[in-house]
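# Residue-level structural notes
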Amino acid sequence: MSKVSPLVDGLIESIQCLPGVGPKSAQRMVLHLLEREREGGKILSEALRLALDSVGQCQKCRIFSEDNLCSICKNEKRDKEVICVVESVADVFAIEQSNQFRGRYFILHGHLSPIDDIGPEQLGLNQLFLLVRSGEISEMILATNSTLEGEATAHFIYDALKDVENLDLTKLAQGVPLGGELEYVDRGTIMHAFSGRVNLKETI
Amino acid sequence: MVNRATLEEAFILHTRSFKETSLIVDAFTQNYGKMSFVAKGAKRPKSGLRVIQTPTTVFSISFTGKGDLKTLTQCEIIEHFRISSKVALSCIIYLNELLTKTLEKEDPHPEIFNQFKMLCHNLSKDQNQESIELQLRSFELILLQELGYGIDLEKEALSGIPINVNSSYSFDPALGFTKIGEAEVELAAGGFLGKDILSFAKGDLANTGSRSASKKIMRRALDFHLGNKTLNIRKYLIESGAQ
């Protein structure tokens, strides 16, 4: 690296903590900031400092928020009784964009993965179970990813809560994608689509 | 070291995100053993590699590349096992972790691969706890055997005297079984009854004695082989009985 100025070197080094940013991109970003984006850089550093100092997790759903309760949990118009369990905040953004779901969320920030040594504790499952025991939830939608670890996480939660009275545990449907041609759908998805087929009388 | 292969059968042991839409995939291939791949753009909706995250599936993959991390070029589903029970799912997760931690990179073990495939196939059907446990134990035995750490369940270590139904034995993972006395003497910690060992050897785990003995024997043997690595799944799924 440059070895010109310790401050510049330090900045190049520290910017590499971002995912997908190596030494070369870090150097490009730093030079850009110093050469022609000093104002933007100041705003960035201030925003970064503020966010890192004050953003924590919402006490209820574990989404990132600077308040004790996030704006979704605070919103009285949203259905308190339905909770959707997702793996990451990115999933919340995706679901929110669809404008379909009007309940609340619970974010696991990961999935059960023994190889990475991630267990129920890191996922805040105890907090989720406490929430269920408070009794205000009537339906829990398990929207973990359709990967091995995601499925295992859903099974784990289902197993722990299956005997709770007045709680519906549901899972997102799996099947042929919208606008998809059957010919090009993979076998696993077709199998799931067949076993999860719906009665037209009930849906139309 | 292999630089390219086409239409190689593989199981996916583990995936993790890499950059915006890519994945790093640890796979167990039929003819080349455990390997790591980068699946570029595998998270894009239209990517042909997208199916790589389908759980419990045998894939046919093609790859190129020198060095440790190859590039996945093609991936198709050969067979998808529909696993719906929690026990079976835990087994797969356990097996993935076990294979990840016991296999060396690019050390081919086609026999383990074929046994694993058969086991997955059975897990997608069989829901009986006892037979699942028996299959798991048999797989663990074969795994150790193939890795060069086989256990003789029918003979004593060193002397080679056949295991006697009426005796009890101690088990040393590095050595094997050694007689410690006649059966029905109070089993000291870590001792095993000859009849339990023999019924495990015959693949009969119908009674709880042989079942728990088989579990303890395999656990000790695997722990010995794993050295300082631990199987984290044991922490999380203690009661499932799957391990």
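Keep in mind that what you see is a predicted model, and the values were worked out from it rather than measured.

Bringing the interface of chain B and chain A into the picture now. Each partner contributes residues to the interface: chain B has 24 residues there, and chain A has 23 residues. At the boundary of chain B with chain A, total buried surface from both sides reaches about 2200 Å², with 65% on carbon and sulfur atoms. Taken as a group, Arg82(B), Lys86(B) and Tyr236(B) account for 26% of the area that chain B buries against chain A, more than any other trio of residues on that side. Linking chain B with chain A are one salt bridge. Its salt-bridge partner being Asp159(A), residue Lys86(B) comes within 3.4 Å of it at the nearest N-O pair. The tally of links from chain B across to chain A stands at four residue pairs in polar contact (both at pLDDT 80 or more). Those elements that provide at least two residues to the side of chain B that touches chain A are strand 1 (4-18), strand 5 (69-80), helix 1 (86-102) and helix 6 (233-236) of chain B.

Before going further, it helps to examine the domain arrangement of chain B. All names here are of chain B. Entries for chain B in the domain assignment read domain 1 (4-80) and domain 2 (86-153 + 167-240). Taking only C-alpha atoms into account, the centre of domain 1 sits 29 Å from that of domain 2. Of the residues lining the interface, 20 residues belong to domain 1; the matching set on domain 2 comes to 19 residues. Carbon and sulfur atoms supply 62% of the area that domain 1 and domain 2 bury against each other, a total of about 1700 Å² over both sides. Linking domain 1 with domain 2 are three salt bridges, by the criterion used here.

Before going further, it helps to spend a moment on the sheet that holds strand 8 (residues 191-193) of chain B. Residues and elements named next belong to chain B. As summarised here, the arrangement of the three strands in space is 7-6-8, forming an open sheet in which the pairing is antiparallel. Across the chains shown, the open sheet's two edge strands, defined by having one partner strand only, are strand 7 (176-182) and strand 8. Strand-to-strand twist in this sheet, taken as the mean axis angle between neighbours without regard to direction, amounts to 40°. Pairing of strand 6 (residues 167-172) with strand 8, which is carried by three bridges, proceeds in the antiparallel orientation. The residue bridging Ser170 from the neighbouring strand is Gly191, located in strand 8.

According to the domain assignment, chain A contains domain 1 (6-54) and domain 2 (57-203). Distance from the C-alpha centre of domain 1 of chain A to the C-alpha centre of domain 2 of chain A: 35 Å.

All right, on to the environment of Glu81(A) then. Residue and element names in this part refer to chain A. Mapped onto the fold, Glu81 is located in the loop between helix 4 (71-74) and strand 3 (82-86). As a C-alpha pair, Glu81 and Gly103 span 22 residues in sequence and 7.1 Å in three-dimensional space. Apart from residues lying up to four places away in sequence, Glu81 is in contact with Glu136, Ile137, Ser138 and Glu139.

Parameters and conventions
Residue positions are given per chain, counted from 1 along the sequence in the order it is written. The lettering of chains begins at A and the numbering of ligands begins at 1, in the order of writing. With pLDDT at 70 or above as the cut-off, local features in this predicted model cover only qualifying residues; side-chain atom pairs require 80 or more to be listed or tallied, and sums for whole chains, interfaces and linings still use all residues. With hydrogens and water stripped out, all remaining heavy atoms of the structure feed into the side-chain values. Note on contacts: a residue pair is in contact if any heavy atoms of the two residues lie within 4.5 Å. Summed over both partners, the accessible area lost on bringing two parts together, with a 1.4 Å probe, is the buried area. In the sections that follow, a salt bridge refers to a side-chain nitrogen of Lys or Arg positioned within 4 Å of a carboxyl oxygen of Asp or Glu. Each polar contact in these results corresponds to two N or O atoms within 3.5 Å; when the atoms are within protein, one needs to be able to donate a hydrogen and the other to accept it, and residues that are neighboring in sequence are counted only if both atoms are side-chain atoms. Secondary structure counts use DSSP, requiring at least four H or I residues in a row for a helix and at least two E residues in a row for a strand, with both numbered from the N terminus. All domain edges in this entry derive from an automatic or database-based domain assignment. By the convention used here, strands pair only if DSSP detects at least 2 bridges between them. Each axis is a line fitted through C-alpha atoms, and for a helix only the stretch in contact is used; angles between axes span 0 to 180 degrees, taken between their N-to-C directions.

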